[in-house]
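Structural characterization, general
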Amino acid sequence: EVQLVESGEGLVQPGSSMKLSCVASGFTFSNYGMNWIRQAPKKGLEWIALIYYDSSSKYYADSVKGRFTISRDNSKNTLYLEMNSLRSEDTAMYYCAKGGRTGFDYWGQGVMVTVSS
Amino acid sequence: DIQMTQSPSFLSATVGDRVTINCKASQNINKYLNWYQQKLGEAPKRLIYNTNSLQTGIPSRFSGSGSGTDYTLTISSLQPEDVATYFCLQHNSGYTFGAGTKLELK
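Residues numbered from 1 in each chain as written. Chains lettered and ligands numbered in written order. Predicted model: local features only at pLDDT ≥ 70, side-chain atom pairs only at ≥ 80, totals over all residues. Heavy atoms only, no water.

Attention now moves to the sheet that holds strand β8 (residues 78-83) of chain A. All names here are of chain A. The strand order across the open sheet built from four strands is β1-β3-β8-β7, with neighbouring strands paired in antiparallel fashion. Of all strands in the sheet, those bounded by a partner on one side alone are β1 (3-7) and β7 (68-73). In this sheet, neighbouring strand axes are inclined to one another by 15 degrees on average, regardless of whether the strands run parallel or antiparallel. With six bridges joining them, β7 and β8 adopt antiparallel strand pairing. Counterpart to Phe68 in the pairing with β8 is Met83. (Pairing = 2+ DSSP bridges. Helix = DSSP H or I, 4+ residues; strand = E, 2+ residues; numbered from the N terminus. Axes fitted to C-alpha atoms, helices over the stretch in contact; angles between N-to-C directions.)

In structure tokens, the structure reads:
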């Protein structure tokens, strides 16, 4: 059974940094691209970052480009999202999702990130 | 960027009803359209991929159709466990989600 478990939830001040993790199990993690997706309160879902299976390519939404960094450690079956210069508009539920040619097939339950002074 | 317009935003239906939810893309997305179900406090679950392919383990009362810019999710006979929010995703060019449809029992 595919499982994706995010961690790193919390409340931070504007301008600060935070790192999320997503531990994968139930599939060969090193064979698949992985993504981060977020949903701000009372807003729709927004894809924010993709990393290829071998970390050879990374893509970001314009809203986070230059501030967020996606990475992975295939030896630990873990996906990361390093978030810098956080803004109030980054307040959202953050999901990791397994990628593939047919879009996102499995998602984690998400972690809440709140940016507020 | 491709925009996705999902309708309705809210839907109230009776057990046994046929339910349809629509997504309209701002341009042709070549059937690269997925449907997801999200229940409160749970991870989103993929129901349908590439317009009409049923995800393994999903009941056959769920089906998808469409082409070009217009796509539909159909629940042939609504069950109590189908109460959830449903959203579409286009993955033809980047990734864009519909705003979601909250489905409740009447």
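Residue and element names in this part refer to chain A. Among the surface-exposed residues, Tyr52, Tyr53 and Tyr59 lie close enough to one another that they form a single nonpolar patch of about 300 Å² accessible area. Looking at the secondary structure, you find Tyr53 in the loop between β5 (45-51) and β6 (58-60). Since its relative accessible area comes to 42%, Tyr53 is described here as partly exposed. (Patch = residues over 30% accessible without salt bridge, like charges linked within 9 Å, V, L, I, M, F, W, Y side chains within 5 Å. Areas by Shrake-Rupley, 256 points an atom, 1.4 Å probe, with all protein chains shown as cover. Salt bridge = Lys/Arg side-chain N within 4 Å of Asp/Glu carboxyl O. Buried < 20%, exposed > 50% of the residue type's maximum accessible area, 1.4 Å probe, protein only.)

Let's shift gears to the interface of chain A and chain B. On the chain B side, the residues contacting the 17 residues of chain A number 16 residues. Buried area between chain A and chain B, both sides added, is near 1,300 Å², and the carbon and sulfur share of it is 59%. The interface formed by chain A and chain B includes five residue pairs in polar contact (both at pLDDT 80 or more). Within the residue set of the side of chain A that touches chain B, elements represented by two or more residues are β4 (34-39), β5 and β10 (106-107) of chain A. When residues of the side of chain A that touches chain B are assigned to their parent elements, the largest contribution, four residues, is made by β5(A). (Contact = heavy atoms within 4.5 Å. Buried area = accessible area lost by both parts, 1.4 Å probe. Polar contact = N/O pair within 3.5 Å; in protein donor to acceptor, adjacent residues only side chain to side chain.)

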